2 protein chains.
Amino acid sequence: MNILIVYAHPEPRSLNGALRDRMVATLTAAGHEVLVSDLYAQRWKAALDGADFPAEPEGARLRLIDASHRAFAEGTQTPDVVEEQRRLLWADAVILQFPLWWFSMPAILKGWVERVFAHGFAYGVGEHSDRRWGDRYGEGVFAGKRAMLVLTAGGWADHYAERGINGPIDDLLFPIQHGILFYPGFSVLDPFVVYRAERVDEARFQTIAADLDRRLAGLFTERPIAYRPQNHGDYEIPSMRLKDGLGGTGQQGLRLHRA
Amino acid sequence: MNILIVYAHPEPRSLNGALRDRMVATLTAAGHEVLVSDLYAQRWKAALDGADFPAEPEGARLRLIDASHRAFAEGTQTPDVVEEQRRLLWADAVILQFPLWWFSMPAILKGWVERVFAHGFAYGVGEHSDRRWGDRYGEGVFAGKRAMLVLTAGGWADHYAERGINGPIDDLLFPIQHGILFYPGFSVLDPFVVYRAERVDEARFQTIAADLDRRLAGLFTERPIAYRPQNHGDYEIPSMRLKDGLGGTGQQGLRLHRA
């Protein structure tokens, strides 16, 4: 199968660099084709701005959604964005790999999402009616593809546990897992998280790498997170409110959106 | 009082630009001093990388936390970072203003956090013992200062409500409100959110601006979100687990961390 790793760490000799190399080796040995978008090495432009829309008239007010729509539809996107879209369409699975900085992805990776997930490509697609609210949350351009986060965190696992002070890792990652990946159609796997990333010696690295190998072996067979598809009857339209009676007793907030 | 607005939108003629101008006018008329860090206009460097640490030896492996610590302690940070730190220390209140892109802040603003919130400044400070786990979550360099998010979202308010498909806005913003602002000591106010931002005509803008004026009038008197301070007895040390019996019946996940 075809696998795209989008990798966001500035230092190749880091733990993240070693995990990236391990993933490439493991996946290749299993017979997959692997591409790596190494955002720092590619000097990826992080900030979405007017330079992303070279065909827009000089001096005109920049309306980002409209500009993104036109650039995608008319083929006037910048070449770096076009190449990443091509890789995403090629891939059967996408792995986003990054260090957790301030409880989210690094700016350079967030900017990859903002620039590559164009209007008409990753959002703003599909019919809006009394039965459907666009192709999103389980439908969309990436439907049928899988996605997984591979990340490192400086803090302890306990601090990210159910009652840990940082908040549970699945809730902290919801804006990424549900909002960035499930939204345009990916089937999203549980994240692979390395805690206490500053304290990884060679012995611990071997354990982590073996765990990661096991996750990669299940990349196409593991059961994805059961986020609720938008257009299958669980939500009112157009309020997009989860219907009464769904969500389970005692569930609240973000967790309502797992079936 | 002194107020810093950190503003992240590429188009000054946008709704965000109009709201920014309104805030400056309202706050100035009330007798406050206002500074705006206009990240796009300043061509803020979004990605944290080796160029942030010019005193590190050429070719050495970049260890970000150590490099950040040394640069802050030894006065070798880049001038743009030093200036933003100076503004933060000057401010009595900080407003982060941005469009919600993919359920989080724009990359350029995330990169402002990553580069300006240095080790030894905004994290990695204070005593670690059996009674304290550093100065964080309610303590730290910004203790005594207030922070508020002012943001626009394309989606409908219903979609961000308690059972809305995007997830409740307070949960989506938790990594920012709790993880970026409360962590280094800010008292965090409820966010000011404009929904359906693509559908704001002049009449609706006047209503929004009046609401915003009211929030700004309460910037120093409104009750902050009651996030739990880390070192006041609510959490076990070092697991940083919320103690049994705290958190209220039926509360779970991120909401446990509001008293």
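Look up a bit, the structure's there.
This section reports on the structure supplied with the text.

Reading guide: rules and limits
Residues numbered from 1 in each chain as written. Chains lettered and ligands numbered in written order. Predicted model: local features only at pLDDT ≥ 70, side-chain atom pairs only at ≥ 80, totals over all residues. Helix = DSSP H or I, 4+ residues; strand = E, 2+ residues; numbered from the N terminus. Contact = placed C-beta atoms within 7 Å. Nonpolar A, V, L, I, M, F, W, Y, C, P; charged D, E, K, R; others polar. Least-squares fit on C-alpha atoms with pLDDT ≥ 70 in both. Axes fitted to C-alpha atoms, helices over the stretch in contact; angles between N-to-C directions. Parallel < 35°, antiparallel > 145°, perpendicular 65-115°, else oblique. Left-handed = near helix turned anticlockwise from the far one by under 90°. Buried ≥ 20, exposed ≤ 12 C-beta atoms within 10 Å, placed from the backbone. Pairing = 2+ DSSP bridges.

**Describing the overall build of chain A**
And step 1. When helices and strands are counted, chain A shows seven helices and six strands.
And step 2. The linear arrangement of helices and strands in chain A, starting from the amino end, is β-α-β-α-α-β-α-β-α-α-β-β-α.
And step 3. On the principal axes, the C-alpha backbone points of chain A span a range of 55 × 50 × 35 Å.
And step 4. In chain A, the proportion of contacts linking residues at least 24 apart, taken out of those at least 6 apart, comes to 76%.

**A few points about the interface of chain A and chain B**
And step 1. Taken together, the contact between chain A and chain B spans 54 residues of the former and 54 residues of the latter.
And step 2. Elements that contribute at least two residues to the side of chain A that touches chain B include exactly helix 4 (107–116), helix 5 (169–172) and helix 6 (174–182) of chain A.
And step 3. Of the residues forming the side of chain A that touches chain B, the biggest block, six residues, is contributed by helix 4 of chain A.
And step 4. Partitioning the side of chain A that touches chain B into residue classes produces 27 nonpolar, 15 polar and 12 charged.

**Here's the deal with the relation of the copies chain A and chain B**
And step 1. If you rotate chain A by 180 degrees and push it 0.0 Å along the axis, it lands on chain B with an RMSD of 0.0 Å. Such a combination of rotation and displacement between the chain copies is what one expects of a two-fold axis. The rotation axis passes nearest to the C-alpha of A:A107 in chain A, at a distance of 2.3 Å.
And step 2. Looking at chain A, 100% of its interface residues are interface residues in chain B too, so the copies touch through the same face.

**Things to note about the packing of helix 1 (residues 15–29) of chain B against helix 7 (residues 202–217) of chain B**
When two helices pack together, their arrangement is given by the angle between the helix axes and by the axis-to-axis distance.
Residue and element names in this part refer to chain B.
And step 1. One can describe the packing of helix 1 onto helix 7 by two numbers: an axis separation of 10 Å at closest approach and a directional angle of 45 degrees. Relative to helix 7, the element helix 1 lies oblique. Considering how the two elements wind past one another, helix 1 and helix 7 form a crossing that is right-handed. Here A18, L19, R22, M23, T26 and L27 of helix 1 come into contact with helix 7, specifically with F205, A209, L212, D213 and L216.
And step 2. Residue composition of the contact of helix 1 with helix 7, by class: eight nonpolar, one polar and two charged.

**Remarks on the environment of B:V94**
Residue and element names in this part refer to chain B.
And step 1. Looking at the element boundaries, V94 is found in strand 3 (residues 93–99).
And step 2. For V94 and L173, which are 79 residues apart along the polypeptide, the C-alpha to C-alpha distance reads 16 Å.
And step 3. Apart from the residues within four sequence positions on either side, V94 is in contact with L4, V6, L88, K145, A147 and F186.

**Considerations on the environment of A:S68**
Residues and elements named next belong to chain A.
And step 1. With respect to the helices and strands, the residue S68 is situated in helix 2 (residues 64–74).
And step 2. Considered as a pair, S68 and R115 are 47 residues apart in the sequence and their alpha carbons are 8.7 Å apart.
And step 3. Excluding residues within four positions of it along the chain, S68 makes contact with A118 and H119.

**Quick word on the pairing of strand 4 (residues 146–152) of chain B**
Residues and elements named next belong to chain B.
And step 1. For strand 4, the buried fraction is high: seven of the seven residues fall into the buried class.
And step 2. On strand 4, burial covers both faces: R146, M148, V150 and T152 on one face and A147, L149 and L151 on the other are all buried.
And step 3. Relative to strand 4, strand 3 runs parallel, the two sharing seven bridges. The partner of I95 across the bridge, within strand 4, is M148.
And step 4. In terms of strand pairing, strand 4 meets strand 5 (residues 187–188) through two bridges, oriented parallel. Paired with A147 across the bridge in strand 5 is V188.
And step 5. With three bridges joining them, strand 4 and strand 6 (residues 192–194) adopt parallel strand pairing. Across the sheet, the residue bridging to T152 is V194, located in strand 6.

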